[in-house]
Amino acid sequence: MFSKETYIARREALKKLVGQGVILIFGNNESPANFPSNGYHPFRQDSSFLYFFGQNRDGLVGVIDVDNDMETLVGDDIDIEDIVWYGKVKTVSEMAKEVGVNSSAPMKTLKTICNDAMAKKRKIHYLPPYRYDIKLQIFDLLGIHPNQQKDEASMPLIKAVVKLRSTKTAEEIEELERGAVIGYKMHTTAMKLTRPGILEHYIGGQVDGIANSYGAMVSFPTIFTQHGEIMHGNPTMAPLESGRLVLCDAGAETINNYCSDNTRTYPVNGKFTQRQLEIYSIVEACHDYTLQVAKPGVKWMDVHFDVCRLMIERLKELGFMKGDTEEALRAGAHAMFMPHGLGHMMGMDVHDMDSLGQTNVGFDEETRPILDQFGTNCLRMGRRLEKGFVITDEPGIYFIPDLIDDWKASGHCKEFLNFDKLEEYKDFGGIRIEDDVLITDDGCRFLGKDRIPYHPKDVEAFMANN
């Protein structure tokens, strides 16, 4: 938790941006894994609630009455039976005071607050809910059916939260740096353990354990797989095989729920083949190009397409692509190899504020998403960069057998793709290199004091010496 003054300042800024009405910021509730008293752990609080109210307990709602400049932390104190099982915790009143909120109230009061506001025809602001229990709670409070709640969510509140959370303060950057330190331990441990015969699941479990022991939890389910062409390839019980590449995409959350997110791809036996190096060097070049050009004022969508141009040119040199580069780019032929965007915002959520809507977070009036083209529709971020943004830089090249077959059968982009060459690489897998980048005054820099090896010689040397 940050200082009381941090949360007070955040709520003051929110009130000024929203302007009027009553703001409801819902915290999360416990979620049962298989019966009510056996919940998923560790508990994960809603990030916007954490940002404005800081408390990591379930069953809380923050209420901000903008017109009357009143703030209330709503929630029920736990009873003696819960204390017997879980130990004594702070009262809701004590938690409120810790974050500079002068008023607290039991949960039943929330209905009265909402009824009073609706009777006076005051605007009630809430963020798009993503958990079904919160949707039911909003239905009970406001009478808005769950199917309509996303459309009825407050756009002024969404825009205000995006504005505030997008630019990271110095204390947030310090917390993100701590997450990067844990991420470094996770990835270098995976590299040290990787060798033929070890199970994917074993290494994935070791990686998760580091996150759990140094921070709060993993920032997303760990991806550790020899099938790098599968975007979200979770670890299986398959043994690692010499001659194959393994892709590790993993990150940590700190105790204060700030994230890291890195990807590395490396040979199981510690030595790249020439074929692997040829593809790897393209991804490496795309990754490093981003670091050269990302700075305030640059449109991230432009960086994405410049990376795609570079990728097309290099793939043409190897015989995978052909034809005019600009025409291939407009046709989306590059999505055969990289069907995702160059990167996404990161902070308290690994895909920061994704619950508020990709268009609201990654785009603006100037830069709109392109939703009607395969691959480009997965570009999560396109707007101009600003100092304090944290972005992932994660180009990749994947050989997806089913996608190759599908495009070949339909003739899609056949004037730009060499399908005979692609057939030879159906067993290749995929390569991604990902780092977390902070936009600075005149450029960008990595987060984390130590660099997870990614240049081929550094990868091979690290694996040989550990």
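Computed from a predicted model, the values in this text were never measured in an experiment.

Trainee: Where do I start with the environment of Ile78 in this structure?
Mentor: Note on placement: Ile78 falls in the loop between strand S5 (70–75) and helix H3 (80–86). What makes Ile78 partly exposed here is its relative accessible area of 27%. Ile78 sits 13 residues away from Thr91 along the chain, and the two C-alpha atoms are 7.8 Å apart.

Trainee: How should I be thinking about the packing of aromatic side chains in this particular structure?
Mentor: Any aromatic ring pair is given by two values, namely how distant the centres are and how the planes are angled relative to each other. Under the defined criterion, the tally for this structure stands at 13 aromatic pairs. Both rings, one in Phe320 and one in Phe337, keep their centres 6.2 Å apart while their planes meet at 75°; by these two values the pair is edge-to-face. Remark: Phe337 occurs in the loop between helix H13 (325–331) and helix H14 (358–362) and Phe320 occurs in the loop between helix H12 (300–317) and H13; sequence separation between them is 17 residues. Through pairs of rings, three or more aromatic residues link up here, namely Phe320, Phe337, Phe399, Tyr425 and Phe428. Positioned above the aromatic ring of Tyr425 is the side chain of Arg275, whose terminal nitrogen or guanidinium carbon lies 4.4 Å from the ring centre.

Trainee: Where do I start with the packing of helix H9 (residues 170–193) against helix H17 (residues 456–464) in this structure?
Mentor: The geometry of a pair of packed helices is captured by two quantities: the angle between their axes and the separation between those axes. One can describe the packing of H9 onto H17 by two numbers: an axis separation of 8 Å at closest approach and a directional angle of 65°. Compared by their axis directions, H9 and H17 come out roughly perpendicular. H9 and H17 meet at a crossing whose hand is right-handed. Contacts from Thr188, Met191 and Lys192 in H9 reach Val459, Phe462 and Met463 in H17. Tallied by class, the residues present in the contact of H9 with H17 amount to four nonpolar, one polar and one charged.

Trainee: Which parts of the structure should I look at to understand the pattern of salt bridges?
Mentor: Think of it this way: side chains of opposite charge can pair up when their charged atoms draw near. All chains considered together, the criterion is met by 36 salt bridges. Here Arg10 makes a salt bridge to Glu172, at a shortest N to O gap of 3.8 Å. One end of the pair, Arg10, is in helix H1 (residues 4–18); the other, Glu172, is in helix H9, and 162 residues separate them in sequence. Lys271 is the salt-bridge partner of Glu460, the closest N and O atoms lying 3.4 Å from each other. Taken together, the positions of Glu460 in helix H17 and Lys271 in the loop between strand S12 (262–267) and helix H11 (274–293) put the pair 189 residues apart, joining distant regions of the chain. Taking the relative accessible area as the measure of exposure, Glu460 reaches 16% and is therefore buried. Overall, the relative accessible area of 52% leaves Lys271 in the exposed class. Through salt bridges with shared partners, a single ionic network connects Arg44, Arg165, Lys168, Glu253, Asp349 and Asp352.

Trainee: Quick question: what am I supposed to make of the sheet that holds strand S9 (residues 223–225) here?
Mentor: Adjacent strands of a sheet form backbone hydrogen bonds with each other and so pair up, either parallel or antiparallel. If you walk across this open sheet you meet the three strands as S9-S10-S12, and the pairing is antiparallel. Each having just a single partner strand, S9 and S12 make up the two edges of the open sheet. Recorded for the sheet is a direction-independent mean angle of 10° between the axes of neighbouring strands. Relative to S12, strand S10 (residues 245–250) runs antiparallel, the two sharing six bridges. In the strand pairing of S12, Cys248 is matched with Arg264.

Trainee: Explain the nonpolar core to me, please; I cannot follow it from the model alone.
Mentor: Buried together is how nonpolar side chains tend to be arranged in soluble globular proteins. Grouped together as the largest cluster of nonpolar side chains are 137 residues, with contacts concentrated most on Leu14 and Phe337. Ranked by the residues each element gives to this core, the list is headed by H12, at nine residues. Setting aside residues up to four positions removed in sequence, Phe337 forms contacts with Leu315, Phe320, Met321, Gly396, Ile397, Tyr398, Phe399, Leu417 and Leu422.

Trainee: Would you mind showing me how to read the pairing of strand S2 (residues 32–35) here?
Mentor: Within a regular strand, side chains alternate between the sheet's two faces. Here S2 runs beside strand S3 (residues 38–39); their pairing, made up of two bridges, is antiparallel. Counted as the bridge partner of Pro32 is Gly39 from S3. Taken together, S2 and the strand that follows it, S3, pair antiparallel across an intervening segment of two residues.

Trainee: Explain a nonpolar patch on the surface here, please?
Mentor: Nonpolar side chains collect at one region of the surface, where Ile80, Val84, Trp85 and Tyr86 lie side by side and expose about 590 Å² of accessible area between them. Tracing the backbone through its elements, the reader meets Tyr86 in helix H3.

Trainee: Hey, could you run me through the pairing of strand S4 (residues 60–65) in this one?
Mentor: The element S4 is extensively covered by neighbouring structure, given that six of its six residues are classed as buried. Alternating positions in S4 separate into two faces, Leu60, Gly62 and Ile64 on one and Val61, Val63 and Asp65 on the other, with burial throughout. Note: strand S1 (residues 22–26) against S4, five bridges, orientation antiparallel. Note that in S4 the partner of Ile23 across the bridge is Ile64. As paired elements, S4 and S5 share six bridges and run antiparallel to each other. Each bridged residue has a counterpart across the sheet, and for Leu60 the counterpart in S5 is Gly75.

Trainee: Where do I start with H1 in this structure?
Mentor: In an α-helix, one turn spans 3.6 residues, which is why side chains three or four residues apart end up on the same side. Helix length check: H1, at 15 residues, gives a terminal C-alpha distance of 21 Å against a target of 21 Å (1.5 Å per residue), a fit within 8%. Looking only at H1, the buried set comprises Thr6, Tyr7, Arg10, Arg11, Leu14, Lys15 and Val18.

About the cut-offs
- Residues numbered from 1 in each chain as written.
- Predicted model: local features only at pLDDT ≥ 70, side-chain atom pairs only at ≥ 80, totals over all residues.
- Heavy atoms only, no water.
- Helix = DSSP H or I, 4+ residues; strand = E, 2+ residues; numbered from the N terminus.
- Buried < 20%, exposed > 50% of the residue type's maximum accessible area, 1.4 Å probe, protein only.
- Phe/Tyr/Trp six-rings, centres within 6.5 Å; stacked < 30°, edge-to-face > 60°.
- Lys NZ or Arg CZ within 6 Å of the ring centre and 35° of its normal.
- Axes fitted to C-alpha atoms, helices over the stretch in contact; angles between N-to-C directions.
- Parallel < 35°, antiparallel > 145°, perpendicular 65-115°, else oblique.
- Left-handed = near helix turned anticlockwise from the far one by under 90°.
- Contact = heavy atoms within 4.5 Å.
- Nonpolar A, V, L, I, M, F, W, Y, C, P; charged D, E, K, R; others polar.
- Salt bridge = Lys/Arg side-chain N within 4 Å of Asp/Glu carboxyl O.
- Pairing = 2+ DSSP bridges.
- Core = buried A, V, L, I, M, F, W, Y, C linked by side-chain atoms within 4.5 Å.
- Patch = residues over 30% accessible without salt bridge, like charges linked within 9 Å, V, L, I, M, F, W, Y side chains within 5 Å.
- Areas by Shrake-Rupley, 256 points an atom, 1.4 Å probe, with all protein chains shown as cover.
- Expected span 1.5 Å × (residues − 1).

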